[in-house]
Amino acid sequence: MNPQGGQYLNKAAVFSSLGAARLSQLALGCSVVAMVSHSAGYSGGSYGVFCMAVWCACFGMTTVVFFLDATRLHACLPVSWDNLTVAFAALATLMYVTASVVYPVYFVRAECAYAGCEVRNFRIAVTVCSIAGSLAYGTEVILSRAKPGRVVGYMATVSGLLKVVQGFVACIIFGALANGTEYSRHVATIYCVVVYAVCFAMTTVVVILTVSGRTGCLKLPFDRFVVVYTLMAVLLYLSASVVWPVFCFDRKYGSPERPSTCPRGRCPWDSKVVVAVFSFVNLALYVADLVYSQRIRFVTQRPRV
């Protein structure tokens with residue numbers, strides 16, 4: 001028996017604020033999956049499948065993170081552990097919030113079905129646990145976030161967290177584009193789609209380089225690369241945020257009002273509105289990212305003066 005064996009387990013993975021947050025995530029995630037599988041259900045189209053996929057994926061990933069942290073086996077992985085965990089927690093927060101909104105909208109009804117109120121009550125409980133899960137993941141992000149005088153990974157900074165949100169918003173835009181926006185009718189709207197794809201790809205590259213700890217592979221300093229890329233994204237999104245509404249809602253190219261014959265849930269006009277709104281949202285996120293990235297560079301260079 002190895003007397004030093006106890007050191008292989010990380011007590012802080014359980015007996016700490018961060019450990020408590022992850023245990024709460026596991027308990028709530030397990031409760032949600034169990035209730036949905038048992039009685040609440042998720043049939044009824046892609047929305048239910050999406051919610052179940054979110055809960056299962058987050059629960060599975062949280063289990064892996066907790067196990068690797070408790071056993072210290074994450075040291076064997078070729079990744080930046082702190083960057084990976086905070087990026088996952090931020091993404092899980094956004095996914096849980098989305099599922100917490102989508103599920104009750106499509107599955108919770110005020111009246112009880114013919115079989116009684118059991119199913120409805122289970123679905124309400126699922127929604128409550130999902131909201132609590134969002135708070136648990138958000139708590140981990142807050143606990144891991146960069147604070148003055150504390151050395152953390154890039155993903156724990158405001159700029160790093162904004163990268164996760166930008167990628168998530170881009171996925172919403174892609175989802176709307178896939179819902180029949182008819183973007184291929186004009187070259188200008190095709191240009192907008194290219195802008196969304198290029199910015200999303202670059203954001204993904206930044207996150208992957210950071211999480212994998214490969215930022216040193218770049219030919220220029222990472223902070224400069226991030227600022228240059230973010231400035232480019234601001235300019236591209238600014239152009240797309242102007243071009244998309246013009247070619248979708250101007251009378252010369254599209255319709256400024258929603259067609260009365262447009263089917264609910266599959267209306268191209270609605271999808272165009274979603275793309276327009278979230279284009280401005282991502283533009284604001286990239287502007288905030290650019291401002292904060294410049295602030296970070298100023299702070300790190302100040303002692304050299």
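A quick note: this is a predicted structure, and the numbers were derived from the prediction, not measured.

Enquirer: When you look at the overall build of the protein chain in this model, what are you seeing that I'm missing?
Expert: Scanning the protein chain from terminus to terminus reveals eight helices and zero strands. Counted from the first residue to the last, the protein chain has its helices and strands arranged as α-α-α-α-α-α-α-α. In the protein chain, buried positions account for 41% of the 305 residues. For the protein chain, long-range pairs separated by at least 24 residues make up 75% of all intrachain contacts whose partners lie at least 6 apart in sequence. In the structure as shown, the protein chain presents an accessible area of about 16300 Å², 69% of it carried by carbon and sulfur atoms.

Enquirer: Whenever I open this one, the environment of A176 confuses me. Can you help?
Expert: Along the chain, A176 turns up in helix α5 (residues 158-177). The class of A176 is buried, set by a relative accessible area of 7%. On a C-alpha basis, the gap between A176 and S271 in space is 5.0 Å, while along the polypeptide they are 95 residues apart.

Enquirer: Help me understand the confidence of the model for the protein chain in this model?
Expert: With 89% of its residues at a pLDDT of 70 or more, the protein chain has an overall mean of 85. Every residue in residues 1-5 scores below 50 in pLDDT, and together they form one contact with partners more than four places removed in sequence or on other chains.

Enquirer: I would appreciate a short explanation of unusual backbone geometry in the present structure.
Expert: Negative phi characterises most residues that are not glycine, and trans characterises most peptide bonds. Phi is positive for R72, close to 60°, though the residue is something other than glycine. Relative to the assigned elements, R72 resides in the loop between α2 (46-71) and α3 (81-107). Overall, R72 belongs to the partly exposed group, its relative accessible area being 40%.

Enquirer: Please clarify how the UniProt feature "transmembrane region" (unreviewed entry) in the protein chain should be interpreted in this entry.
Expert: Under the feature "transmembrane region" (unreviewed entry), the UniProt entry names residues 12-35, 47-68, 80-102, 122-139, 151-176, 188-213, 225-247 and 273-292. The annotated region residues 12-35 carries 79% helix and 0% strand content, and the separation between its end C-alpha atoms amounts to 30 Å.

The rules behind each value
- Residues numbered from 1 in each chain as written.
- Predicted model: local features only at pLDDT ≥ 70, side-chain atom pairs only at ≥ 80, totals over all residues.
- Heavy atoms only, no water.
- Helix = DSSP H or I, 4+ residues; strand = E, 2+ residues; numbered from the N terminus.
- Buried < 20%, exposed > 50% of the residue type's maximum accessible area, 1.4 Å probe, protein only.
- Contact = heavy atoms within 4.5 Å.
- Areas by Shrake-Rupley, 256 points an atom, 1.4 Å probe, with all protein chains shown as cover.
- pLDDT = per-residue confidence, 0-100.
- UniProt positions renumbered as here; feature names shortened; annotations may be inferred.

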